[in-house]
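Working through the structure, step by step
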Amino acid sequence: MNKETDAGDSRPDPAVKGASADVAAVVAATATAALAARRIEKEAFQEGWRASASTIPAVAAWGVVSGMAMVKSGMTLWQSLAMTLTVYAGSAQFAVLPLLAAHTPLIVIFLTAMIVNLRFVIFSAAVAPHFAHLPWYRRVWYGYFNGDISMGFFPRRFPAHTVHQPAGKIGFFEAICYPGWFAWQIGAIVGILLASQIPESWNIGFAGTLALIAITIPMIINRAALAGVVVSGAVAVVAISLPYRLGLLLAVVIGMAAAMVADKFIGKEKE
């Protein structure tokens, strides 16, 4: 918009010029903030990858065992591939495979998988507040990838008191979840395709267990964590005969409770 002078010429309106400068400043500030946010998430992703990279061999080994188990239970190639891509939960897969082979009613198979996976409800409840600011579909997406590995690393990096500080959480979470997912799927596909070629004498399942133990030990960073590990391990052994692998869920719940109680007493000692 131009303002006409008495001489008949026109000059830019100062108000319009000032508004344009303000808009440009806002755009520049927004772009700068977006670049800073992306840099933070990128750095967090790199941090998450460095923290969880050691878990990849163990996850891949378990994937191979899972793929072999599906094929050896009588499932077809395509059924096995569909199961590993959609279920993505080794404990549930191992629990329902004998039921599938025995032609158990579908509702029993479904309920068994749900019971075995109840620990993921606990895991999700612990992580969910950190992603409450995201749309529901993104929370559902991340919920699919949330599991044992993410629960082992994410709360350590982002304790409960950081719930209102979203910076870096998405990058870190993706770094500890996405590589593990790919490792599991690649391992499962290898196990599915080579089930008849891999001899039982290789003891791949036992190798995966040893790898997971090697991963767990460095994560015991204090006495509260040690108490949780000892109690949950003892409960898992004692309750191993419970149906539908309920011993696993019981071990998770009691182990977490033991760690919380130990942390409370340790805190009082420090005071």
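Everything below is about the structure shown above.
Criteria and thresholds
- Residues numbered from 1 in each chain as written.
- Predicted model: local features only at pLDDT ≥ 70, side-chain atom pairs only at ≥ 80, totals over all residues.
- Heavy atoms only, no water.
- Helix = DSSP H or I, 4+ residues; strand = E, 2+ residues; numbered from the N terminus.
- Buried < 20%, exposed > 50% of the residue type's maximum accessible area, 1.4 Å probe, protein only.
- Polar contact = N/O pair within 3.5 Å; in protein donor to acceptor, adjacent residues only side chain to side chain.
- Contact = heavy atoms within 4.5 Å.
- Salt bridge = Lys/Arg side-chain N within 4 Å of Asp/Glu carboxyl O.
- Phe/Tyr/Trp six-rings, centres within 6.5 Å; stacked < 30°, edge-to-face > 60°.
- Lys NZ or Arg CZ within 6 Å of the ring centre and 35° of its normal.

Here Gln185 lies in helix α9 (residues 169-193). On the basis of relative accessibility, which here comes to 4%, the residue Gln185 falls in the buried class. Polar side-chain contacts of Gln185 include one of 3.0 Å to the backbone oxygen of Thr84. Apart from the residues lying within four places of it in its own chain, the contact partners of Gln185 are Thr84, Leu85, Tyr88 and Tyr144.

Per the counting criterion, the structure on display carries 1 salt bridge. Its salt-bridge partner being Glu47, residue Arg157 comes within 2.7 Å of it at the nearest N-O pair. Residue Arg157 is found in helix α8 (residues 148-157), and its partner Glu47 is found in helix α1 (residues 14-52); the two are separated by 110 residues along the sequence. Judged by its relative accessible area of 36%, Arg157 is partly exposed.

Attention now goes to the packing of aromatic side chains. Under the defined criterion, the tally for this structure stands at 17 aromatic pairs. A ring pair is formed by Trp141 and Phe145, whose centres lie 4.9 Å apart and whose planes are at 65°; its orientation type is edge-to-face. Taken together, the residues Trp141 and Phe145, both in helix α7 (residues 136-145) and 4 residues apart, mark about one turn of the helix. Residue class for Trp141 comes out partly exposed when judged on its relative accessible area of 47%. A residue is classified by how much of its surface remains accessible, and Phe145, at 7% relative accessible area, is buried. Relative to Phe158, the ring of Phe154 lies with its centre 5.2 Å away and its plane at 40°, an arrangement referred to as tilted. In terms of burial, Phe154 and Phe158 fall into one category: buried. Chaining the aromatic ring pairs together yields one cluster made of Tyr88, Trp141, Tyr144, Phe145, Tyr178, Trp181, Phe182 and Trp184. When the ring centre of Phe158 is taken as reference, the NZ or CZ atom of Arg157 above it lies at 4.5 Å.

Here the focus is the side chain of Gln93. Within the secondary structure, Gln93 sits in helix α4 (residues 90-101). Every residue in contact with Gln93, bar those within four places of it in the chain, is listed here: Ser66, Met70, Met83, Thr84, Val87, Tyr88 and Trp184.

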